[in-house]
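The chain contents come next:
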Amino acid sequence: MKNILILYPSLIIIFILSVFIDFLWLDYLVGILAFASLLTAARYAKGLYFYSGLLFSFIGTGLFLVQKLPWHTYFLQFDSMLGVMSLFVVLPFLNTIIRVGHYDTNLNALLRHDIHTLDKLYRRSFLVSHMLGLFLNIATIPLVKNSLQQSLKKLPKETAHSFLAGSVLRGYALCLAWSPLEVMVIAALDMTGKAYYEVVVPMIMIVVLFAAIDYTISFFKYRTYGLHIADSLQSASNVRRKMIEMAGMLLIFIFLTSVFQHVFQKGYLLSVVLAILPISCLWALFIKKPKRYVRVAFPAWKERTSALSNYFFMFLSAGLFVNMLSASGALSIVQDGFQLVSGQPFLLYLMIGLFFFATSLTGFHPLVSITLLGELLRPILPEVSSVPLTIVLIVCSLATVMYSPFNLSVSILSELIRVNPFHIVRWNVRYALLYMLSSIIIAYSIHIFLTF
């Protein structure tokens, strides 16, 4: 694994340099390192990631050979996913500060404070999943599930499992929709050229609306179940202080990334990557734990980076696949379909929603789907890029977190509760479709208002 800890970060560092320094030899160096990373990751990738990556690699390489391009340009075809991989490499530095500052344990204490009915526990676990998901990402799911295990053990299994599928996955999915750290939000902003501050208010309004809808559903579904959990909240004021600290640091992070985006003009994704490390160090100083942070952060970073082979293999392969698919002209038929409805925003938004729904049920990771969609929309993006389009891209791509049997979040929860992933699809798909359709209608309403 030592070669991984050298190769993956080296690729990311050289890639970031290549964004700022326009030298062709640097682009080729990035491509060679990306190809070496792809071969290395193939040795360690497993399951759906391995087979998806293998399929993407074969198709992408085949398309390259068919077009009879100069052999050395093959190394220039992997760059479309490297920004995302950069985020995966630096994200552990921010995840670690949540643990060092004990924000996760304080929020989990909320789950056991003054709970007497199952519907109240549902709302509380939804809130905790939402707050932790902003910083811990996928690690939120096992953390919250384990915290709820004792409280749900006396319930019928079907009830307990649907409870977890709803409160954990819906809370997590809705938090990602307005998180400035979420890769799908970043990808959508980079695609449409919009800034985070332009979409955050409507996204929060949609999230609040659908949190209220889910709270209402949970009230009628779970109110008849009595429950009592021993109060383990040591200090309510301490929990409030921790939540205020998290909100404050999130605002500082948003401000810093916006400044970087304005100064460097290199897109929102790169701004997030550049902001994570200084924000994490600043936060460690603020909570007066810099030494502990350094002791914990680097081992955690090494562990997380060593485990990134699944992502490197699938996403680098997907980058090759999407680039070559676009270069070959094979997307022209589907592009024509999007061009036909480019002047009818509501139909365009519906087509985007159907695209994500179809690809999520056929094994495509939403990040691959949105990258492919970017190529499909490329001819019309200059004329349709807007805040409403960005909202549709964010919501429809992240709704898959709740229901797609191939999404990592659903896979992790299904494994933890030992149920078939398609049971989770059944429990969440109607809510997810309502979320997508309603958001499309809201986005279209915003479009009408902006063009009125």
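Computed from a prediction, not measured in an experiment: that's the story for all the values here. (Residues numbered from 1 in each chain as written. Predicted model: local features only at pLDDT ≥ 70, side-chain atom pairs only at ≥ 80, totals over all residues. Heavy atoms only, no water.)

### Topic: empty space enclosed by the protein
One pass over the structure, following the stated rule, counts 2 cavities of 30 Å³ or more. Empty space within the largest cavity amounts to approximately 40 Å³. The wall of the largest cavity is formed by Leu-91, Gly-133, Leu-134, Phe-135, Asn-137, Leu-176, Ser-179, Leu-181 and Glu-182. Taken together, the residues that form the lining of the largest cavity break down as 5 nonpolar, 3 polar and 1 charged. When its volume is computed, the second largest cavity comes out at roughly 30 Å³. In terms of lining, the second largest cavity is formed by Leu-94, Phe-135, Leu-181, Met-249, Leu-250, Phe-253, Ile-279 and Trp-283. Looking at the lining of the second largest cavity, its residues break down into 8 nonpolar, no polar and no charged. (1 Å grid on protein atoms, 1.4 Å probe; cavity = no way out; pocket = protein on both sides within 12 Å on 5 of 7 lines; lining within 4 Å. Points joined across faces, edges and corners; volume = space filled by probe spheres on them. Nonpolar A, V, L, I, M, F, W, Y, C, P; charged D, E, K, R; others polar.)

### Overview of a nonpolar patch on the surface
On the surface, a cluster of nonpolar side chains totalling about 1000 Å² of accessible area is made up of Ile-13, Leu-17, Phe-20, Ile-21, Phe-23, Trp-25, Leu-29, Phe-255, Val-259, Val-263 and Phe-264. Those elements that place two or more of their residues in the nonpolar patch are helix H1 (2-20), helix H2 (24-44) and helix H11 (236-264). It is H11 that provides the largest number of residues to the nonpolar patch, a total of 4 residues. Note on placement: Val-263 falls in helix H11. With a relative accessible area of 54%, Val-263 lands in the exposed category. (Patch = residues over 30% accessible without salt bridge, like charges linked within 9 Å, V, L, I, M, F, W, Y side chains within 5 Å. Areas by Shrake-Rupley, 256 points an atom, 1.4 Å probe, with all protein chains shown as cover. Salt bridge = Lys/Arg side-chain N within 4 Å of Asp/Glu carboxyl O. Helix = DSSP H or I, 4+ residues; strand = E, 2+ residues; numbered from the N terminus. Buried < 20%, exposed > 50% of the residue type's maximum accessible area, 1.4 Å probe, protein only.)

### Regarding the nonpolar core
It is characteristic of soluble globular proteins that their nonpolar side chains tend to be buried jointly. Within the largest apolar cluster, 164 residues are counted, with the highest numbers of intra-cluster contacts made by Ile-276, Trp-283, Phe-312 and Ile-352. Take this core: its biggest share by element is 13 residues, from helix H4 (residues 82-100). Ile-276 has contacts with Leu-87, Val-90, Leu-91, Phe-93, Leu-94, Leu-181 and Phe-253, leaving out every residue within four places of it along the chain. (Core = buried A, V, L, I, M, F, W, Y, C linked by side-chain atoms within 4.5 Å. Contact = heavy atoms within 4.5 Å.)

### A short note on helix H19 (residues 387-398)
Here H19 contains 12 residues, and its C-alpha end-to-end distance of 17 Å stays within 8% of the 16 Å for a straight helix at 1.5 Å per residue. Buried residues dominate H19, accounting for 12 of its 12 residues. Of all the residues in H19, the buried ones are Val-387, Pro-388, Leu-389, Thr-390, Ile-391, Val-392, Leu-393, Ile-394, Val-395, Cys-396, Ser-397 and Leu-398. Between the side-chain oxygen at the start of H19 and the backbone nitrogen of Leu-389 there is a gap of 3.3 Å, and the oxygen is on Ser-386. (Expected span 1.5 Å × (residues − 1). Polar contact = N/O pair within 3.5 Å; in protein donor to acceptor, adjacent residues only side chain to side chain.)

### Focus on the packing of H2 against helix H14 (residues 309-328)
Viewed as axis vectors pointing N to C, H2 and H14 meet at an angle of 130 degrees, and their least axial separation amounts to 8 Å. When the interaxial angle is binned, H2 and H14 end up oblique. Seen from above, H2 lies across H14 with left-handed handedness. Mapping the contact onto sequence places Ala-34, Ser-37, Leu-38, Ala-41, Ala-42 and Tyr-44 in H2 and Ser-309, Asn-310, Phe-312, Phe-313, Leu-316 and Ser-317 in H14. Here the residues of the contact of H2 with H14 sort into 8 nonpolar, 4 polar and no charged. (Axes fitted to C-alpha atoms, helices over the stretch in contact; angles between N-to-C directions. Parallel < 35°, antiparallel > 145°, perpendicular 65-115°, else oblique. Left-handed = near helix turned anticlockwise from the far one by under 90°.)

### Observations regarding the confidence of the model for the protein chain
Per-chain confidence: the protein chain averages 88 in pLDDT, with 96% of residues scoring 70 or above. The element-level mean pLDDT for the protein chain is lowest in strand S2 (residues 226-229), coming to 64, with H19 highest at 97. (pLDDT = per-residue confidence, 0-100.)

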